[in-house]
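Geometric and topological summary
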Amino acid sequence: MTDRDSAQAALTRRFMGALAFFALIMAACFGYLAPELENIRQMTAAANDSAASVTIQLNDISARKVRDAADRNLFYALEKDGFVGDQNRLNAARILEKLRVRHHISGLEYQIDPVETISILRQPENTGEKMSVSKISLGMRGFLDRDLRDFTAAVKRGLPGYLTITDIEMEKLETPSDELLMQIGAGKGTELLKGSVQFLWQAVQINPQEDGL
Amino acid sequence: MAPLPNMEGVAQRLFALKRFVLLVGDAGAMIARLSGSRVVAHQFLDGDLEDNVRRAKLTLAEFPKYPVILLFDVLGQSYRRDRLPPVNMLDRPKIVARKLEALFPGIEFKGGLRLGPTEGDIRGFDYLFAAVSTSPEIVAWQAMLGQIENPTSDVRLLPVESVKLLHRLMHKSNGNGNGNGARKGQWNILISQHRTGGFRQIVTRGHTLAIARMTSGFVDIESPGEIAALLQREIGATIDYITRLGFDRAEGLNAVFIGRSDIGATLKNVQLPVRSLTAFTPAEAQYKTGITGASDDSGHFADLLHAAWGGSRFLPALSIWPQKIRRQRALALAQSWGTRMLAAASVAGFLYGANLLWEIRRAEAEYSLADSSRGALQQRYDAEITKLDGGTMPIARMRDIIAIHAQLAAADVDLNRLYNAIGAGLSGNAKLRSLDIEIEQPVTVLAPAPDQSGPGGVQSEPAPVEADIILNLDLSSFRDAEQAVGEAGRMTRALRLALPDMQIKILRQPLRILPGDTLTVKPGENVLAFSGEDRTAKIQLIGRVK
């Protein structure tokens, strides 16, 4: 091989080496580094998007906290009013007697039926709440129809839980005569009206009903 | 149209390629080292042939990497103008090689220059074919090229390469700076004084070489007048010759002279048979052509100018190097430049890769920051959610209970409104004996909750509440039955006005006058006198109370 041939061969070798090196660098740049960079940038963008989404959810939570606080207060108020929990019949008897005196009811008889538990369900989950329902029947006698009406309203307001009126009857016993009016004037009260009221006494059970109440 | 800039000159200045130009003439040789279009060094070789070759080898060995361009300016040049048939680009080299072999058989240095399409009806292309006849001097210089380490870049002919030099000088002398050719059909002549030969005449017609003549043997004559007289005769002979090629003496010949200044001045004074004459010294000519360093010590000879012009061109006007060797050289050049380009591209790629790596590091740091930020936010969110769902009872259940209570409250009937309506309807003569109210409560249900954060399962519209109300009216204060019946009717109408959503009807009248009743009147009985009967009326109200 002459010097020129060897020089040409060396030139070819250098060219091939440079080509291989260039190909290696290009492969490294465009086959690995650039896709890797793009991948990391996409991951960063995804993380930022996720952070933004969580931030929005946190803002939603702040609004939800306000709503929850209002609902909790409302719930606690209901709980305080006796709508949540057990029906305390002894306490109900005390309240009825106190109201009878306050509203000048001369005669009061009442009956509280055994508690029935009904389920208030939500479809389609078929889950819901259990509610204790007792029927209260009041028989009362009084002097004025207003007394009976006020007493009924007071019972509805005063008893713990929620009372729904299902039936009211009021009937005049007799027409006041002159003699009766004189007795009334002497302070000897008498009964001119009788009435009956039926309530549904309702409270939501959050625990099983305890015995002895 | 504005002339294009001289891109080749720009490239020469930009790259400043370094090379040797070996100008071989009949009276010696000259070797010049170029950097772009600048002559860095030169050496006249005017001894005997063997000594010239030896000195040339020594000079070339100083820079063995520099390529050599061989530029012939010898008498043994042959030119033929001929036509080739129109063939495609791939076949053209073969046709040219065949033509050259036919025109100049056995000669190694030969080549063809395409001049343009053939004028007239015959299709084809005009070519200028040229060759350098083999001589002992040519063989010696050719042998030297094989012995030196420097690569041979090209072999060219001075008259062909200097055609553009003539045009450049013509335009520069006319004040036109573009330096690009002459008017079509215009005859021009370049006369230059050479140390390696004598007086070289290059005659062009338009843009192409017409003839080239060398007048040697002026070595012993120093007188400008004598030289001018001799040149006058030589130019006359040249004109005679080109007249046979179509030169019109009436049109005239534009001449440019490069050489000694006193000869140039004398030529201007003598009556040369040319239309115009412009004389330059080599120093002036190099200034006009953008070449530097092309003035030798004497300042008389144009060898350096021609060598610098013909050797600094990237692409020759005509290469007479054998095609096979030219291809090998082209391959070597392509590999050499390709290696450099690849190296440069690799460096750029490496820098790009480094930049990518740096970007990856930065992106990783950004990702790490973003991910940790997202993680912290997610933790805070989870904590808030746990806090929200914590407590003695889930908020959803509280909302259910609230919803149940809301439904019960919505179903509650305001009895005072009923009492007021009834009280307002009663007149002074009618008394309410009894009142019976039955209320039908709607069923309490929970609506499906859309989501946990919503306000709970409250129904959008409360269910209607129906009631059945019976009023017993005491009408005993009426003595006239018709008035009592009227009072019941009036009461009914008053209730209808007060409670428009309810259906109100009279179930019983003080007299049995309703369609379902049996009215019995005994003889002598005045039913309208209203005696002995139960003087009451019963009114029923059915319907929606809320």
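As the structure is a prediction and not an experimental result, all values here were calculated from the model.

This brings us to the interface of chain B and chain A. Much of the literature gives interface size as the accessible area that the parts lose upon coming together. At the junction of the two partners, chain B supplies 59 residues and chain A supplies 62 residues. Of all the secondary structure elements, the ones that give two or more residues to the side of chain B that touches chain A are α11 (323–389), α12 (395–410) and β14 (431–440) of chain B. A total of 31 residues in the side of chain B that touches chain A trace back to one element, the largest contributor, which is α11(B). Here the side of chain B that touches chain A is composed, by residue class, of 31 nonpolar, 15 polar and 13 charged. Taken together, the five bridges between strand β4 (residues 162–172) of chain A and β14(B) define a ladder with antiparallel strand orientation. Counterpart to Asp167(A) in the pairing with β14(B) is Glu438(B).

For an α-helix, the turn length of 3.6 residues means that residues three or four places apart are oriented alike. Residues and elements named next belong to chain B. Between its terminal C-alpha atoms helix α14 (residues 481–498) stretches 26 Å, which fits the 26 Å expected from 18 residues at 1.5 Å a residue. Of the residues making up α14, those classed as buried are Ala481, Ala484, Val485, Glu487, Ala488, Met491 and Leu495. Seen along its axis, α14 keeps its buried residues to an arc of 155°; they face one direction. Within α14, the exposed residues directed more than 90 degrees away from the buried face are Glu482, Arg493 and Leu497. Those residues of α14 that are buried lie in contact with α13 (415–425), β15 (466–474), β16 (502–508) and β17 (536–544).

Turning our eyes to something else, we now look at the sheet that holds strand β6 (residues 110–117) of chain B. Residue and element names in this part refer to chain B. Strand order in the open sheet formed by three strands is β5-β7-β6, and the pairing between neighbours is antiparallel. Each of the sheet's edge strands pairs with one partner strand only, and the pair in question is β5 (77–84) and β6. Neighbour to neighbour, the strand axes of the sheet diverge by 20° on average, direction disregarded. Direction of pairing for β6 relative to strand β7 (residues 125–132): antiparallel, over a ladder of seven bridges. Each bridged residue has a counterpart across the sheet, and for Lys110 the counterpart in β7 is Ala131. Helix α3 (residues 92–103) rests against β5, β6 and β7 of the sheet, and its axis sits at about 130° to β5.

Even without a glycine there, the phi angle at His104(A) is positive, about 60°. Positionally, His104(A) belongs in the loop between α2 (89–102) and β1 (105–112).

The pairing of strands in a sheet happens through backbone hydrogen bonds and is either parallel or antiparallel. Residue and element names in this part refer to chain B. Spatially, β3-β2-β1-β4-β8 is the arrangement adopted by the five strands of the open sheet, whose pairing is mixed. Either end of the sheet is taken by a strand with one partner, and the two such strands are β3 (38–45) and β8 (152–157). With direction set aside, neighbouring strand axes in the sheet form an average angle of 20°. Sheet topology places strand β1 (residues 18–25) next to strand β4 (residues 68–73); six bridges connect them, and they run parallel. Bridge pairing in β4 links Phe20 to Val68.

Counting residues in hydrophobic clusters, the biggest one holds 80 residues, and the most contacted among them are Leu22(B) and Ala308(B). One finds Ala92(A), Ile395(B), Val485(B) and Leu511(B) within the second-largest nonpolar core, a separate group that totals 60 residues.

About the criteria used
- Residues numbered from 1 in each chain as written.
- Chains lettered and ligands numbered in written order.
- Predicted model: local features only at pLDDT ≥ 70, side-chain atom pairs only at ≥ 80, totals over all residues.
- Contact = placed C-beta atoms within 7 Å.
- Helix = DSSP H or I, 4+ residues; strand = E, 2+ residues; numbered from the N terminus.
- Nonpolar A, V, L, I, M, F, W, Y, C, P; charged D, E, K, R; others polar.
- Pairing = 2+ DSSP bridges.
- Expected span 1.5 Å × (residues − 1).
- Buried ≥ 20, exposed ≤ 12 C-beta atoms within 10 Å, placed from the backbone.
- Arc of directions from axis to C-beta.
- Axes fitted to C-alpha atoms, helices over the stretch in contact; angles between N-to-C directions.
- Core = buried A, V, L, I, M, F, W, Y, C linked by C-beta atoms within 7 Å.

Geometry only, nothing functional implied.
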